[in-house]
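Notes for the structure review
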Amino acid sequence: MSQQEWIERAKTVMPGGGFGNFNSDIIIHRGKGSHIWDMDGNKYLDLLNSSGPLILGHANEEVMEAVQEQLDKGTSYYATNTVGIELAEEICKALPCAEQLRFTSTGGEADMYVIRLARAFTGRDKILKFEGGYHGMCSEAQMSLAPTKLANFPQPIPDSAGIPQSVADNVFIAPFNDIDFLQSFLAEHGTKIAGLIAEPLQRIIPPVEGFWQEVRKECDKYGIVLIFDEVVTGFRFDYGGAQTLYGVTPDICCVGKIIGGGFPLAAIAGHTDIMSHFEKEKVGSDRALMYSGTLSGNPVAATAGLKTLEILRRDGQYEKLRDLGKALQEAFSNPLSQKGIDHRVVGDSTLFDIVFTNRDVRNYRDVLASDSDLNIRFIQNLKEQGVLKPVGKCYPSLALS
């Protein structure tokens, strides 16, 4: 059956003819190493990599061997299992903020819980996030993620229908990389805020020098829980995540993607005094979080994640990943520069994008002001030449040559 026939089938049973993640004009048949193939047999160099989990590339042989061994023992228990314990130990050993963790199935689920956890710990209701920051699909996260109509800070703009006004009333929005605004705002509202949730690298935008150190000081000053959403950056920037690379320890963080090795798995990891709110016996029923997840800590996902982390710990892996990322950046940027096309390479060598603009990119509004039409043409031209690049990010993998 051709790809177009599959696309038509999808349209009859799914809104928009797809899963709601990536373009529905391509149906993937298989992936191996650094490449994927669609249903018509077209081969693509894959820079999407399932939106980041496949840091080793598709169907890594060592990971698949470990998964197959676990499959023979069962696929799901809804109970604590040894491989999940081992993975939890490794994550807590790696991340500076992690004393304990609780598994979830997705990063978005972890984001939802961590916002609730900050409220339970502080007894406050307000949440602060940066404009353009992505934190899953919960109502608080869907405030000013990608607004097309800009409002004055700290007013939030809902990105989705179905979100009640009461949610907006408890969310503040700040500009990323603007410590002066943050200090001024917190001087007035800091004692009302339960948590500040942020991507340490916001989508692709790096922090200005000293930004996170100042944010850490401000959160300490007002008793705000600093939450790093490291679902993307965890174990990609560094084995200890962006918190190790940037030298700032949050109170709690979310990790996902890579820790599942290509299978659904994420986690909330943080200081014991905050994580204790998952235990009713320690904090009381009125301060404890109700929690349950059928597939949380799934042994197949934990096995794939544990093997992936073992491979990443080997000598030279992160140096290799950064070298590959830099080579990709140059492969994109050099021809554009030679043609006189205004652009910026924005991000980290392990996670970046090309932004078509003639000015530096420091926040969401700088990206919004870039040439989006040119970006769409760029992505389409790459696809026609056998390179699958997502909108917004490139995910280098160790499978690249």
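Predicted model only: the values in this text are computed from it and were never measured.

Some remarks on the overall build of the protein chain
Broken down by element type, the protein chain carries 14 helices and 13 strands. Seen along its three principal axes, the alpha-carbon backbone of the protein chain occupies a region of about 55 × 55 × 50 Å. The burial tally for the protein chain puts 54% of its 401 residues in the buried class. Restricting to contacts in the protein chain with at least 6 residues of sequence separation, those with at least 24 account for 68%. Roughly 18,300 Å² of accessible area belongs to the protein chain as shown, and the carbon and sulfur atoms make up 49% of that amount.

Regarding the packing of aromatic side chains
Aromatic rings considered in pairs are described by the distance between their centres and by the relative angle of their planes. A complete count under the given rule lists 18 aromatic pairs for this structure. Between Phe237 and Tyr246, the aromatic rings sit 6.2 Å apart at their centres with planes inclined by 85°, giving edge-to-face as the arrangement. The two residues Phe237 and Tyr246 agree in class, both being buried. Clustering of aromatic rings is evident, with ring pairs tying together Phe130, Phe176, Phe211, Trp212 and Phe228. Over the ring of Trp37 we find Arg30; its NZ or CZ atom is 3.8 Å from the centre of that ring.

Digging into the environment of Ala88
The topology assignment puts Ala88 in helix 3 (residues 82-94). Through-space distance from the C-alpha of Ala88 to that of Ile259 is 9.8 Å; in sequence the pair is 171 residues apart. Excluding residues that lie within four positions of it along the chain, Ala88 makes contacts with Leu101 and Phe103.

Points about the sheet that holds strand 5 (residues 126-130)
Taken in spatial order, the seven strands line up as 4-10-9-8-7-5-6 in an open sheet, and their pairing is mixed. The open sheet terminates on both sides in strands that have one partner only, identified here as strand 4 (100-104) and strand 6 (171-174). Each strand axis lies, on average, 20° off the axis of its neighbour in the sheet, ignoring direction. Across four bridges, strand 7 (residues 193-198) lies against strand 8 (residues 225-230) in parallel orientation. Bridging across to strand 8, Gly195 finds its partner in Val225.

Analysis parameters
- For every chain, the first residue of its written sequence is number 1, and the numbers climb from 1 along that sequence.
- Given that the model is predicted, a residue must reach a pLDDT of at least 70 before its local features are reported, and side-chain atom pairs must reach 80 or more before they are shown or counted; all residues, however, enter totals for whole chains, interfaces and linings.
- Side-chain calculation: all heavy atoms of the structure are included, whereas hydrogens and water are not.
- Secondary structure elements are defined from DSSP: runs of H or I of at least 4 residues count as helices, runs of E of at least 2 residues count as strands, and each element is numbered from the N terminus.
- Summary of the burial criterion: residues with accessible area below 20% of their type's maximum are buried, those above 50% are exposed, and those between are partly exposed, where the area comes from a 1.4 Å probe applied to protein chains only.
- Two residues form a contact once any of their heavy atoms are found within 4.5 Å.
- Working definition of accessibility: Shrake-Rupley area with a 1.4 Å probe, residue cover restricted to the visible protein chains.
- Side-chain rings of Phe, Tyr and Trp, where Trp is taken by its six-membered ring, are said to pair if the distance between their centres is within 6.5 Å; with planes under 30 degrees apart they count as stacked, over 60 as edge-to-face, and otherwise as tilted.
- Lysine and arginine charges are scored as sitting over a ring when NZ or CZ, respectively, is within 6 Å of the ring centre and within 35 degrees of the ring normal.
- By definition, two strands form a pair when at least two bridges between them are found by DSSP.
- Note on definitions: angles span 0 to 180 degrees between N-to-C directions of axes, and those axes are lines fitted to C-alpha atoms, for helices only across the stretch in contact.

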